[in-house]
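# Coordinate analysis (summary)
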Amino acid sequence: MSEIARRLDQCRKPTGDVGKIVVENMNEGHYNLTTWGLDKVDINNNFVILDVGCGGGKTVNRLAEKVESGKVYGMDYSDDCVKWSIGLNRKYIDENKVEIFQGTVESIPFKNEKFDLITAIETVYFWPDIKDSFKEIKRILKIGGTFVIINEMYRSDKFKDRNEKFEELGSMNIFSSNELEILLKDVGFEKIETDLIEDKNWLRCMCKKSI
Ligand SMILES: C[S@@+](CC[C@H](N)C(=O)[O-])C[C@H]1O[C@@H](n2cnc3c(N)ncnc32)[C@H](O)[C@@H]1O
């Protein structure tokens, strides 16, 4: 396995000593992307938020700083990511402001309409059935709630060679903005808004659940 393939494999499901290094790099390396991705998202003090594919837990930590009386949940299917996210968020967990749990996006262990906001940062590439996963996200989102996807890669001519190589080596799906919009619309999301930074290949796709 090549070095890039090994790294992409760890991005898909970080585990063990190498996974820990990858997750620490992602906590730092996704900081600016996440700042940009969230800058248009309204976050109220009392929001209940879920970060799907929370990795090392940095976004959970940042969101917890924004919600005074709300709560932030972080979910990842990697046991190690759950452990590392718990470590990073210990203070907020003790204050009952954060909860981290192991789970997979196809079956999220919450009742319908629990969350005001659901974030998915650098993770949808790896979801096994994207449409069913979006349906599951919609199920647990409150009416009026927001789902935001933040990616540092989308299908585009400018980054075609790199992205196709990553898709092949990492068994991942790098979606175009149009593909994501169609999928979200098919599932019933509304007010779909996409922003791109073409030079960096960054994408933010926000949508609402209205019914
Ligand atoms: C590239 S990492 C991004 C981590 C974090 N969101 C960040 O921005 O640093 C992708 C994360 O999504 C998680 N993940 C991938 N597929 C998942 C699934 N089906 N359900 C839950 N988590 C998943 C992986 O374990 C990994 O932690």
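Residues numbered from 1 in each chain as written. Predicted model: local features only at pLDDT ≥ 70, side-chain atom pairs only at ≥ 80, totals over all residues. Heavy atoms only, no water.

### With respect to the overall build of the protein
Scanning the protein from N- to C-terminus turns up 9 helices and 7 strands. Relative to the globule expectation of 17 Å for 211 residues, the C-alpha radius of gyration of the protein, 16 Å, shows essentially globular dimensions. Counting only C-alpha atoms and orienting by the principal axes, one finds that the protein spans roughly 45 × 40 × 30 Å. For the protein, contacts bridging at least 24 residues in sequence account for 70% of all contacts bridging at least 6. Summed over its atoms, the accessible surface of the protein is roughly 10200 Å², and 46% of this surface lies on carbon and sulfur atoms. Placing the 32 positive and 37 negative side-chain charges of the protein at their respective mean positions leaves the two points 3 Å apart. (Helix = DSSP H or I, 4+ residues; strand = E, 2+ residues; numbered from the N terminus. Rg over C-alpha atoms; globule rule 2.2 N^0.38 Å. Contact = heavy atoms within 4.5 Å. Areas by Shrake-Rupley, 256 points an atom, 1.4 Å probe, with all protein chains shown as cover. Lys, Arg positive; Asp, Glu negative; His and termini not counted. Charge placed at Lys NZ, Arg CZ, Asp CG, Glu CD.)

### Topic: the site of the ligand
Around the ligand, 23 residues are found, and the nearest of them are H30, G53, D76, I121 and T123. Between H30 and the ligand, the recorded distance is 2.9 Å, taken from a side-chain N or O atom to an oxygen atom. E106 is positioned with one of its side-chain polar atoms (N or O) 3.4 Å from a nitrogen atom of the ligand. In isolation the ligand has 590 Å² of accessible area, and contact with the protein removes 98% of it. Of the pockets mapped on this structure, the ligand occupies the largest pocket. (Near = heavy atom within 4 Å. Polar contact = N/O pair within 3.5 Å; in protein donor to acceptor, adjacent residues only side chain to side chain. 1 Å grid on protein atoms, 1.4 Å probe; cavity = no way out; pocket = protein on both sides within 12 Å on 5 of 7 lines; lining within 4 Å. Sits in = over half its atoms within 2 Å of the grid points.)

### Side note on the UniProt feature "domain: Methyltransferase type" (unreviewed entry) in the protein
Residues given the UniProt feature "domain: Methyltransferase type" (unreviewed entry) here are residues 50-149. For the annotated span residues 50-149, helix accounts for 35% and strand for 30% of the residues, and the straight-line distance between the end C-alpha atoms is 12 Å. (UniProt positions renumbered as here; feature names shortened; annotations may be inferred.)

### A look at the environment of T15
In this structure, T15 sits in the loop between α1 (3-12) and α2 (16-29). In this structure T15 touches Q10, S78, D80 and W84, once residues within four positions along its chain are discounted.

### Description of the nonpolar core
Counting 31 residues, the largest nonpolar core has L50, W127, F134 and F147 as the members making the most contacts within it. Elements supplying a minimum of two residues to this core: β1 (48-52), β2 (71-76), β4 (115-121), α7 (130-140), β5 (141-151), α9 (177-187) and β7 (202-208). Once residues lying within four places of it in the same chain are set aside, the contact partners of L50 are Y73, M75, F101, I108, F115, L117, I118, T119 and I140. Listed in part, the 23 residues of the second largest apolar core include L33, W36, L117 and M206. (Core = buried A, V, L, I, M, F, W, Y, C linked by side-chain atoms within 4.5 Å. Buried < 20%, exposed > 50% of the residue type's maximum accessible area, 1.4 Å probe, protein only.)

### Observations concerning the packing of aromatic side chains
By the definition in use, this model includes 9 aromatic pairs. Centroid distance F101 to F110: 5.3 Å. Interplanar angle 75°. Geometry classified as edge-to-face. Pair check on accessibility: F101 and F110 agree, each one buried. Aromatic side chains Y125 and F126 sit 5.8 Å apart centroid to centroid with 85° between the ring planes, which places their arrangement in the edge-to-face category. (Phe/Tyr/Trp six-rings, centres within 6.5 Å; stacked < 30°, edge-to-face > 60°.)

### Quick look at the layout of surface pockets
In this model, the largest pocket occupies a volume close to 440 Å³. Along the wall of the largest pocket there are 32 residues; nearest its centre are G53, C54, G55, D76 and T123. Breaking the lining of the largest pocket down by element, the ones donating at least two residues are α1, α2, α3 (31-38), β1, α4 (58-66) and β2. When the residues that make up the lining of the largest pocket are grouped by side-chain class, the tally is 14 nonpolar, 11 polar and 7 charged. When its volume is computed, the second largest pocket comes out at roughly 290 Å³. Around the second largest pocket sit 16 residues that line it, and R7, C11, H30, E122 and E152 are the ones nearest its centre. Sorting the residues of the lining of the second largest pocket by element identifies α1, α2 and α8 (160-170) as the ones contributing at least two each. It is α1 that provides the largest number of residues to the lining of the second largest pocket, a total of 4 residues. Tallied by class, residues from the lining of the second largest pocket come to 9 nonpolar, 3 polar and 4 charged. (Points joined across faces, edges and corners; volume = space filled by probe spheres on them. Nonpolar A, V, L, I, M, F, W, Y, C, P; charged D, E, K, R; others polar.)

### Concerning the packing of α1 against α8
Put simply, α1 and α8 touch, their axes get as near as 9 Å, and they point 75° apart. With respect to their mutual orientation, α1 and α8 come out roughly perpendicular. Residues I4, A5, L8 and R12 of α1 lie in contact with α8, whose contacting residues are K165, F166, L169 and G170. Grouping the constituent residues of the contact of α1 with α8 by class yields 5 nonpolar, 1 polar and 2 charged. (Axes fitted to C-alpha atoms, helices over the stretch in contact; angles between N-to-C directions. Parallel < 35°, antiparallel > 145°, perpendicular 65-115°, else oblique.)

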